[in-house]
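Below are the chains, spelled out letter by letter.
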Amino acid sequence: MIAANNVRSTNNDPVESSESSPITGTTANGHGSSRLIRQFGSLFQSAAGASAAQNADPAGYVEFGSISDPETQSGRTLGTFAGVFCPVALSMFSALVFIRVGFIVGNAGLYVTLLQFVIAYVILLFTVSSVCAISTNGAVEGGGVYFMISRTLGPEFGGSIGTLFFLANVVGCGLAISGCAEGIIQNFGPSEAGAEGGSIPDGRWWRFLYCSSINTLMLLVVLIGAEMFAKTSMMILGVVVVCLVSTYISFLSKGPLDVAIPLENDLVQNATFRVNGTYSGLSMRTLAENLGSHYGRDYTSHGNEVNFAVVFGVLFSGVTGIMAGANMSGELKNPSRSIPAGTLSAVLFTFLCYIGLSVLMAATTSTFLLQNNFLFLGPVNLWPTFVTIGILTATFSTGLSNLIGSSRVLEALAKDKVFGSLLNFVVRGTYKSNPIAAVIGSWVLVEAILLIGSLNTIAQINSVLFMLSYLATNLACLGIEITGAPNFRPTYKYFTWHTAFIGLVGTAVMMFVINPIYASSSVILCLLLVIALHLFSPASQGVQWGSISQALMFHQVRKYLLMLDSRKDHVKFWRPQMLLLVSSPRSCCPLIHFVNDMKKGGLYVIGHVKQGEFSENDSSNDPTIEEYTQWLSLIDHMKVKAFVELTLAKSVREGIQHLIRISGMGAMKPNTIILGFYDEEMSKDFFEHENSPYRTGEFDDNGIKLFPYRRNDEQKSLLTVDYVQIIDDVLRMKKNICLCRHFHRLDKQMIAKSNHIHYIDVWPVNIFEPKNEDPFDVVSLFMMQLACIINMLPVWKRLELRVFLCESETQAEASTPFERPAEYRLNQLLKSLRISASIHQIPEWNKDMDFPRHRNILKQFTSKSDSNQLMTEENINRSKLYMQRVNQIVRDKSNATAVTFMYLPAPPKVGTIDYKERCHHYLDLLTELTYDLPPTILVHGINAVTSTTL
């Protein structure tokens, strides 16, 4: 054992039985609009490249956990505008802005469209608020959302959500590439120029070639690095904004015209009958027509009916890019400032763009055209080429953002060893902070997605996966806010638990609105990943990120402990709360396991006393601090559900008093104290024994054995009288007590398989003072309760519970149960207590025992002894002989017994004549009584623990 330098200690372990006599230790919220204005100021200062603006932090965001200059951090080159605003804005535009807003307005109507945009952006805003709270509460590294969630929810949830988020980005990249290819074919393929014309051919494999070419172009951009990506995204955003502005100008200036319905729309036309839609220009009549909902059918999906859920699913799938900036966290100079400022600005910018576009469409375009030509913006634009360029650039940038995001998440998963050595190639394949291997790996997966061809179904899954990551982000923030963790102090001031809760509920509901089947499947997949990572991931075994589950459990346990009132305890709901006092666990492993079975869902504390003194002049640390971790490792090795309490005391007796008083908390305090028996039997090291199920080398530190135990040739440090006084202390502290002997013989595996062991025995008779009322007193009822609890467990359930009745001679000779009131009463009592047990009479009891003659003699060694009565040698010898005869009777009945429960009389009272001698003989008689028995528990209960009432 580790001991402090100045701790006075002895070299002998106290009280050692074959169970190590488990008793003793070894020796030893908001700043108003001005804040938002400052955020926009910092945003555009960053875009201009002013280094002073980059370092001054005008928005008041502080990056925790990093004291280095952001400008000098290797690989961090991006500012707020290039690194966050541009990727987020482009991802939220995607293909929706040019080819799906008309579909939404035409079916849902302007009122519902505006409502859906408000709902979607409220959910997004609250989710962004959670992202900002996490990103401003500490230094954010690469991996974005994965990094935030894993460092908050722990490796299991973080790894599972990160994996799904990685897949969502991969699928999102494939979707964007397919949309880009569709735009190319619509404008330059046969569908636009006639069946035989067109600049480029069309077909399944031709489309795959176009998609692969676009994917490879994206790969080259990303391989060049994040800086090139930032420059590309800034340029693309500029192009998209110009194209969007051209659309606004066209709506305001262009007059009425007819627009052809595409050939592929066979819902309103056929090969011989062609129709056109009407573009009216700005018109109050057209606006009035488009205010209400007119749900129709979708000509791109075989005429499926459109409803609110379908429209909202399309809308929301187009604005799922709010995490694009967070994905770039590893390349940002100051992520704690850039992520909130850039994301919020992009959300506001895209919201205004979408609202303006929806109103202009409703005021200029007929419902028929909106529903039957999703690419009508080209013909109505003053410069149709701008719409084509806008579609291509928006989809290309979205795919680029998703490819970057997926590679960064994969890199973070690899660095955290979430999947062990499976992703080591990603870590080794990094060059100048650019994860080359992760980018190529993501590119390969995108190629696999493109092979599928049609991605309509996968698009819905993609939306659900993004929603699941948003849900997890809100959940992380809500949980950590509820726990009230003092270190959760985000500098982003607009976050509260209300925003996280609304975001959580909103994302959860919308997941199932979009598609309940895919939402359920994604949640199940996430849970399976959580379980798999918890069981097999190396990251979940040794990481010290801190898990919110620990904080939540602490919060809830504290709350319910305060609600648990010991004054409201009722015997109906009594359960054993065990304190097992252990000297060395090496020699009492079976007993530790047995008590774990006997606790029946109650409190289980393993207590240990380290002898020594913690004086004021002692400069060393408390030795129990260093040993505590070793005991926790023991709990893990033994696989028991127990707490550990260690104390340092001058004597074993004093230390045990400490443990009894301080163990537990509130109403969860031990009510039953368990000690090993004080005997001279040989100890056994279960950690080294060849056939031991507890064998391990974990507790051998470079030849030094942790948890040393008393060798057979070493003297005990605890005297007999001290041991008996400990028993007396326990009873005077109003605790039940159990003394356990021979538990080194207990083998649960053999009990489960053996055909020889059949019984659990209870002897409800006070051998020191037998009476016919013994089976009905508190001690006997406590014994039967413990035996019944053991008999409930699977390993012990096949054993029969036997109760042995030892009656006086007159009652034993009665012929009917009514003439034998003790047996009849006991049978009725067992029935009323719902204890399934058989009652066995002991005929030998009255033949061999002279109760009246021995009763007064044996009382001398218990608490009922006459303080003035002297002990004689003759009485001592007769008492030992009596105990030997009782022991023989019990042994004869115990050939097939797994565990025996016996009545423990109270020890002699302090202050009686020859007190030390009485203690010595008291323990000698208990030793004779339990000699060579199966594993035996001597029990003394002090309170009622059984109830016959409802």
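Not measured: the values here are computed from a predicted model.

Colleague: What is the right way to look at the overall build of the chain in this model?
Modeller: Helix and strand counts for the chain come out as 37 helices and 18 strands. Relative to its full complement of 950 residues, the chain shows a buried share of 56%. Total accessible area on the chain is roughly 39800 Å²; 58% of this is exposed by carbon and sulfur atoms.

Colleague: Which parts of the structure should I look at to understand a nonpolar patch on the surface?
Modeller: Taken together, the side chains of V118, V122, W497, F501, I502, V505 and V509 present a nonpolar region at the surface, about 550 Å² in accessible area. Tallying contributions element by element places helix α21 (residues 497-514) first for the nonpolar patch, with five residues. Tracing the backbone shows I502 in helix α21. Given the relative accessible area of 40%, I502 is considered partly exposed.

Colleague: What exactly am I supposed to notice about unusual backbone geometry here?
Modeller: Negative phi values dominate among residues other than glycine, just as trans dominates among peptide bonds. Here the phi dihedral of K417 falls at roughly 55°; this positive angle occurs in a residue that is not glycine. In this fold, K417 is placed in the loop between α17 (384-415) and α18 (424-428). Residue K417 is classed as partly exposed on the basis of its relative accessible area, which comes to 44%.

Colleague: I tried to follow helix α25 (residues 589-598) on my own but got confused; where do I start?
Modeller: Two residues of an α-helix separated by three or four positions point the same way, owing to the 3.6 residues in each turn. α25 sits mainly inside the fold: 10 of its 10 residues count as buried. When we look at burial in α25, the residues that qualify are C589, P590, L591, I592, H593, F594, V595, N596, D597 and M598. Looking at the residues trailing α25, positive phi occurs at K600, about 50°.

Colleague: Would you take a moment to explain the pattern of salt bridges for this structure?
Modeller: Side chains that differ in charge, positive against negative, can pair when their charged atoms come close. Using the criterion set out here, one finds 15 salt bridges in the structure. Measuring nitrogen to oxygen at the nearest pair gives 2.7 Å for the salt bridge that ties K748 to D597. Of the two residues, K748 sits in helix α29 (residues 748-753) while D597 sits in helix α25, which places them 151 residues apart along the sequence. In this structure K748 comes out as partly exposed when scored by relative accessible area, which is 22%. Here R741 and E681 are joined by a salt bridge, their closest N and O atoms 3.5 Å apart. Of this pair, R741 sits in strand β13 (residues 736-741) while E681 sits in the loop between β10 (672-676) and β11 (700-701), placing them 60 residues apart in sequence. Connected via shared salt-bridge partners are R653, D728, D729 and R732.

Colleague: How do you make sense of the sheet that holds β10 when you look at a structure like this?
Modeller: Think of a sheet as strands paired side by side through backbone hydrogen bonds, with each pair either parallel or antiparallel. Taken together, the 10 strands give an open sheet; going across it, the order is β9-β8-β7-β10-β13-β18-β17-β14-β15-β16, and neighbouring strands pair in mixed fashion. Looking along the sheet, the strands with just one partner apiece sit at the ends: β9 (643-649) and β16 (838-841). The sheet shows a mean angle of 25° between the axes of neighbouring strands, direction not considered. Pairing of strand β14 (residues 759-763) with strand β17 (residues 897-903), which is carried by five bridges, proceeds in the parallel orientation. Residue pairing in the sheet places V762 in a bridge with F901 of β17. Across the sheet, helix α26 (residues 623-638) touches β8 (604-611) and β9, and the angle it forms with β9 is around 150°. Packing against the sheet, helix α30 (residues 778-792) makes contact with β7 (578-581), β10, β13, β14, β15 (800-805), β17 and β18 (936-940), and its axis sits at approximately 160° to β17.

Colleague: For this particular structure, what's the right way to read the environment of Y146?
Modeller: Position of Y146 relative to the elements: it lies in helix α6 (residues 145-153). With 14 residues separating them along the chain, Y146 and S160 place their C-alpha atoms 9.1 Å apart. Ignoring sequence-local partners within four residues, the contact set of Y146 consists of R151, G158, G159, G162, V409, A412, L413, D416, V418 and W545.

Colleague: Which parts of the structure should I look at to understand the packing of helix α5 (residues 101-135) against helix α14 (residues 335-364)?
Modeller: The relative placement of two packed helices is expressed as an angle between their axes plus a distance between the axes. Between α5 and α14, whose axes approach to 10 Å, the crossing angle comes to 170°. In this view, α5 runs roughly antiparallel relative to α14, as classed from their interaxial angle. Tallied by class, residues from the contact of α5 with α14 come to 22 nonpolar, seven polar and no charged.

Colleague: So what exactly am I meant to see when it comes to the pairing of β17 here?
Modeller: Consecutive residues of a regular strand have side chains that alternate between opposite faces of the sheet. The buried fraction of β17 amounts to seven of the seven residues, a majority that puts the element mostly inside the structure. The parallel pair β17 and β18 is bridged by helix α37 (residues 915-929), and the resulting crossover is right-handed.

Colleague: Help me understand the nonpolar core, please; the structure alone is not making it clear to me.
Modeller: Membership of the largest hydrophobic core comes to 140 residues, with the highest contact counts inside it found for F98, F316, Y354 and F376. The element best represented in this core is α5, accounting for 17 residues. Counting 67 residues, the second largest nonpolar core, distinct from the first, contains F687, F699, M784 and L786.

Colleague: What's the story with the packing of helix α27 (residues 652-662) against helix α28 (residues 720-732) in this structure? I'm lost.
Modeller: Close contact between α27 and α28 brings their axes to 10 Å; oriented N to C, the two are set at 25°. Compared by their axis directions, α27 and α28 come out roughly parallel. Where α27 crosses over α28, the two elements pack in a sense that is right-handed. In this structure, α27 uses V652, R653, I656, Q657 and I660 to contact α28, whose residues at the interface are Q725, I726, D729, V730 and R732.

Colleague: How should the packing of aromatic side chains be read in this particular structure?
Modeller: The geometry of an aromatic ring pair is captured by the separation of the ring centres together with the interplanar angle, meaning the angle of the planes. In total, this model carries 27 aromatic pairs according to the counting rule given. On the basis of an interplanar angle of 70° and a centroid distance of 5.0 Å, the ring pair of W631 and F707 is categorised as edge-to-face. Placement of W631 in helix α26 and of F707 in the loop between β12 (704-705) and α28 is noted, with a sequence separation of 76 residues between them. Members of the aromatic cluster, joined through ring pairs, are F81, F85, F93, F117, Y121, F349, F351 and Y354. For the cation-ring pair, R802 lies above Y759, with the distance from its terminal atom to the ring centre recorded as 3.7 Å. The ring of F776 carries R825 above its face, with NZ or CZ at 4.0 Å from the centroid.

Colleague: I would appreciate a short explanation of the side chain of Q577 in the present structure.
Modeller: Following the sequence through the fold, Q577 ends up in the loop between α24 (548-563) and β7. For Q577, a relative accessible area of 12% corresponds to the buried category. Within the local environment of Q577, its side chain forms a polar contact with the backbone nitrogen of L603, the two atoms lying 2.7 Å apart. Those residues in contact with Q577 that lie beyond four places of it in its chain are G602, L603, A667, M668, K669, P670, N671 and T672.

Colleague: Whenever I open this one, α17 confuses me. Can you help?
Modeller: Relative to the 46 Å expected for 32 residues at 1.5 Å per residue, α17 spans 47 Å between its end C-alpha atoms, a close match to the ideal helical length. Counting buried residues in α17 gives 26 out of 32 residues, a clear majority hidden from the surface.

Colleague: Help me understand the environment of H534 in this model?
Modeller: Positionally, H534 belongs in helix α22 (residues 516-536). Between the C-alpha atoms of H534 and P155, which are 379 residues apart in sequence, the distance is 8.1 Å.

Colleague: Whenever I open this one, the environment of N766 confuses me. Can you help?
Modeller: Its place among the elements puts N766 in the loop between β14 and α30. For N766 and L904, which are 138 residues apart along the polypeptide, the C-alpha to C-alpha distance reads 7.1 Å. Dropping the residues within four chain positions of it, N766 is found in contact with D774, Y903 and P905.

Colleague: Help me out: how do you make sense of the confidence of the model for the chain in this one?
Modeller: Predicted coordinates in regions of low pLDDT should not be interpreted in detail. This prediction gives the chain a mean pLDDT of 79; 81% of its residues lie at or above 70. Between residues 1-18, whose pLDDT stays under 50, and residues either more than four places distant or in other chains, the model counts 97 contacts. Taken as a whole, residues 192-197 scores under 50 in pLDDT and shows five contacts with residues more than four places along the chain or in a different chain.

Each value, and the rule that gives it
Residues numbered from 1 in each chain as written. Predicted model: local features only at pLDDT ≥ 70, side-chain atom pairs only at ≥ 80, totals over all residues. Heavy atoms only, no water. Helix = DSSP H or I, 4+ residues; strand = E, 2+ residues; numbered from the N terminus. Buried < 20%, exposed > 50% of the residue type's maximum accessible area, 1.4 Å probe, protein only. Areas by Shrake-Rupley, 256 points an atom, 1.4 Å probe, with all protein chains shown as cover. Patch = residues over 30% accessible without salt bridge, like charges linked within 9 Å, V, L, I, M, F, W, Y side chains within 5 Å. Salt bridge = Lys/Arg side-chain N within 4 Å of Asp/Glu carboxyl O. Pairing = 2+ DSSP bridges. Axes fitted to C-alpha atoms, helices over the stretch in contact; angles between N-to-C directions. Contact = heavy atoms within 4.5 Å. Parallel < 35°, antiparallel > 145°, perpendicular 65-115°, else oblique. Nonpolar A, V, L, I, M, F, W, Y, C, P; charged D, E, K, R; others polar. Right-handed = clockwise from strand over helix to strand, strands pointing away. Core = buried A, V, L, I, M, F, W, Y, C linked by side-chain atoms within 4.5 Å. Left-handed = near helix turned anticlockwise from the far one by under 90°. Phe/Tyr/Trp six-rings, centres within 6.5 Å; stacked < 30°, edge-to-face > 60°. Lys NZ or Arg CZ within 6 Å of the ring centre and 35° of its normal. Polar contact = N/O pair within 3.5 Å; in protein donor to acceptor, adjacent residues only side chain to side chain. Expected span 1.5 Å × (residues − 1). pLDDT = per-residue confidence, 0-100.

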